[in-house]
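Topology and contacts: notes
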Amino acid sequence: MAKQFPTALVAAVTAIAAGETSDEVLRNIRVVDAATGEEIIRVISADAVAGTVTRFVVEDGNLVREGNAFATVTEERAIRIEWIVPPEASVEAEPPVASDPAAQGEDHA
């Protein structure tokens with residue numbers, strides 16, 4: 001019987017940017033303040049290594065407008081970028097053992 005190994009996980013991303021990072025990744029991550037553990041919302045870009053976050057300004061749950069655009073703020077703070085559900089890395093299945101007829105699908109009686 002072949003040993004079962006845990007599925008490998010994809011490493012967490014260290015930087016994201018709307019328009020550059022795939023939508024699939026953006027839907028499955030969250031940016032968190034490292035000191036408080038609080039999620040940072042309305043993030044446009046974030047870099048955990050540099051410690052910067054650019055986000056839309058939100059007041060009373062609404063985006064704030066400045067003229068014809070939404071207001072943004074860039075902050076320097078310790079952050080983490082976390083997977084909501086960690087994706088699995090593609091791991092090749094272990095090939096059947098050549099000397100095992102059952103593993104090769106052969107029927108020997």
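What this report covers is the structure whose coordinates are included nearby. Keep in mind the model is a prediction, meaning the values are calculated, not measured. Position numbers for residues count from 1 along each chain, tracking the sequence in the order it is written. Two thresholds apply to this predicted model, a pLDDT of at least 70 for residue-level local features and 80 or more for giving and counting side-chain atom pairs, whereas whole-chain, interface and lining totals are computed over all residues. Heavy atoms from the whole structure form the basis of all side-chain values; hydrogens and water molecules are not counted.

Remarks on the sheet that holds strand S10 (residues 72–76)
- Strand order across the open sheet formed by four strands is S1-S4-S5-S10, with antiparallel pairing between neighbours. Only two strands of the sheet have a single neighbouring strand rather than two, namely strand S1 (15–17) and S10. The sheet shows a mean angle of 15° between the axes of neighbouring strands, direction not considered. Here the rule is simple: two strands pair whenever DSSP picks up at least two bridges between them. Strands are runs of DSSP state E lasting at least two residues, helices are runs of H or I lasting at least four, and both sets are numbered from the N terminus onward. To define axes, lines are fitted to C-alpha atoms, for helices over the stretch in contact only, and angles between the resulting N-to-C directions are given on a 0 to 180 degree scale.

Comments concerning the sheet that holds strand S3 (residues 39–40)
- Within the open sheet, the three strands sit side by side as S3-S2-S11. Their pairing is antiparallel. The sheet terminates laterally at S3 and strand S11 (79–83), the two strands that pair on one side only.
- When strand S2 (residues 29–33) meets S3, the two strands line up antiparallel, connected through two bridges. Residue pairing across strands places Val 32 opposite Glu 39, the latter belonging to S3.

Re the pattern of salt bridges
- Any carboxyl oxygen of Asp or Glu that lies within 4 Å of a side-chain nitrogen of Lys or Arg is treated as forming a salt bridge with it. This structure, assessed with the given rule, holds five salt bridges.
- Residue Arg 77 pairs with Asp 33 through a salt bridge whose shortest N-O separation is 2.8 Å. With Arg 77 in the loop between S10 and S11 and Asp 33 in strand S2, the pair connects residues that are 44 residues apart, well separated along the chain.
- Sharing partners across several salt bridges, the network here consists of Asp 33, Arg 55, Glu 75 and Arg 77.

Structural notes on the nonpolar core
- Only buried residues count toward a nonpolar core. Its members are Ala, Val, Leu, Ile, Met, Phe, Trp, Tyr and Cys residues joined through side-chain atoms within 4.5 Å. Note on classification: 1.4 Å probe, protein chains only; a residue is buried when its accessible area is under 20% of the maximum for its type, exposed when over 50%, partly exposed between these limits. Counting ten residues, the largest nonpolar core consists of Ile 16, Val 25, Ile 29, Val 31, Ile 40, Ala 46, Val 53, Ile 79, Ile 81 and Trp 83.
- Counting only elements with at least two residues in this core, the list comes to S2 and S11.
- Of the residues forming this core, the biggest block, three residues, is contributed by S11.
- Working rule for contacts: check all heavy atoms of both residues, and any pair within 4.5 Å makes them a contact. With near-sequence residues (within four places) excluded, Ala 46 lies in contact with Thr 14, Ala 15, Ile 16, Val 31, Thr 52, Val 53, Ile 79 and Ile 81.

Remarks on the packing of aromatic side chains
- Note on ring pairs: Phe, Tyr and Trp rings are taken, using the six-membered ring of Trp, and paired if centres are within 6.5 Å. Classes follow the plane angle, with under 30 degrees stacked, over 60 edge-to-face and the rest tilted. Within this structure, the stated rule accounts for one aromatic pair.
- Consider the rings of Phe 56 and Phe 70, whose centres lie 6.1 Å apart with planes at 85°: the pair is edge-to-face. Highlighted residues: Phe 56 in strand S5 (residues 52–56) and Phe 70 in strand S9 (residues 69–70), separated in sequence by 14 residues.
- Its relative accessible area of 39% is what places Phe 70 among the partly exposed residues.

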